[in-house]
Structure formats: C-alpha cells, structure tokens
Amino acid sequence: MTITPSTITPVTITAGRPWQNWGRSVSAHPAYIATASSVDDVCTAVDFARDRGLNLKPIGAGHSFTSIGVTDGVQLDVAGIGGILSSDGNLVRVGAGTYLHQLPGLLAPLGLALENMGDIDTQTIAGATSTGTHGTGASFGGLASQLEAITLVSADGTLLTISADQNAELLPAARLGLGALGVVVDVTLRCV
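Residues numbered from 1 in each chain as written. Predicted model: local features only at pLDDT ≥ 70, side-chain atom pairs only at ≥ 80, totals over all residues. Heavy atoms only, no water.

Asks: Run through the overall build of the protein, naming residues and quoting values.
Replies: In terms of regular secondary structure, the protein is built from four helices and 12 strands. Within the protein, the fraction of its 192 residues that count as buried is 42%. The contacts of the protein with a sequence gap of at least 6 include a subset with a gap of at least 24, amounting to 56%. Just so you have it, the protein exposes about 9,000 Å², and 54% of that area is on carbon and sulfur atoms. (Helix = DSSP H or I, 4+ residues; strand = E, 2+ residues; numbered from the N terminus. Buried < 20%, exposed > 50% of the residue type's maximum accessible area, 1.4 Å probe, protein only. Contact = heavy atoms within 4.5 Å. Areas by Shrake-Rupley, 256 points an atom, 1.4 Å probe, with all protein chains shown as cover.)

As structure tokens, then:
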C-alpha cells in the first residue's frame, strides 16, 4: 500500500514492517514507513503523522544501540537526503542522510576533510551527530562539535535554521538533539 499524502511532493509512505537496529538489540514495528528524498518530503511526513496523532521517528542507518529509532507510529527514512548542498570556505552544508563513509570522497574535491571521524563510518551525519557519536583521539571533540548550523523540520512542519546567527540559543541543544527539536534535514560542518 502506498499513500501519497500530497500531489506536490513524491514522499512515499508505506505500511510498516518489522525493523531492527544495526546491533539487533532493539526492534520495532512502525505502522508506517516514510521515505524522504527532500525537505518537502519530511514536511509532508511530519504533517501525515501529526494529522493522524502518530509519533514520528527519523531513522538513518539504525546504528544506535539505544531505542531512539523505535516507534509504533511513523518511521522516517532520511537516507535519500544526502550529498553536499553548498560550500563556503571550510563550511560545507550536507544533507542529513549523507553517510559518514561518503564524506571523505565528497570533501576531497573541495580540498577539505572532517577534523575527526571515528572508525565506524556506516551512520548518517544527522544520526551520528544527533546521538553523540564520537571520533577518535582524546584531544578532539565528537562529531557534533563540528556542526556550525543545523536545519530541521519542527513538529508543526515548519523549517527552522539554527546557527550562531539564527536561533543561536538552540545551537548547543540541536548539535546533539536526539530528535527532541525536530527532524534534522541538513547540517553545516566546519571542515579542515
């Protein structure tokens, strides 16, 4: 069953199916799975869940060992929102669904790299930063410390930009937000 809640965006919302995280330590059976490939898709999925009184949980690679991705409502797959969206000097804006293992190849043509990355690179950038994934080395901050800006879709379906210049009071919370402020759709990384 495919539901197209809007004729404007091609978001795909299908009947749910059993899901397990990467470590197989957590499982769920969401009622629906929404697959997003744009910010509009995320907004549509948030509206879909809200209109039906369902909770919504974004899911990246499902790498977290916690139950953060568990829902009986709408599980939102953001893996289709990936790649470099823009760059300005050492600041690079990437889609939430960009996998960490993709970043070196995407950044190299710009002459850039992440300051630090851990030895597991199967997570999406939004999932890795939102759940506090760390890098390697005692003198480096976690991946979230490299975020200069975050764009998310809030529970009411509006787009919110968070940076030192916009909604700055939310930046510390949004860097490692666990999804509490909304669905991350892109992040701006400070690269080296």
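Asks: Can you explain the pattern of salt bridges? Please cite residues and give values.
Replies: Applying the stated criterion across every chain yields a total of three salt bridges. Ionic pairing is found between D47 and R50, a salt bridge with its closest N-O pair at 2.8 Å. A residue pair is termed a helical-turn pair when its members lie 3 or 4 positions apart in one helix, as D47 and R50 do in helix α1 (residues 39-51) at three residues. The partly exposed category is assigned to R50, whose relative accessible area is 40%. A salt bridge links R93 to D186; the shortest N-O distance between them is 3.2 Å. Note that R93 is positioned in strand β9 (residues 91-95) and D186 in strand β12 (residues 183-190), a separation of 93 residues in sequence. Note on R93: relative accessible area 31%, which makes it partly exposed. Take D186: its relative accessible area is 3%, and that puts it in the buried class. (Salt bridge = Lys/Arg side-chain N within 4 Å of Asp/Glu carboxyl O.)

On their own, these measurements won't tell you what the molecule is for.
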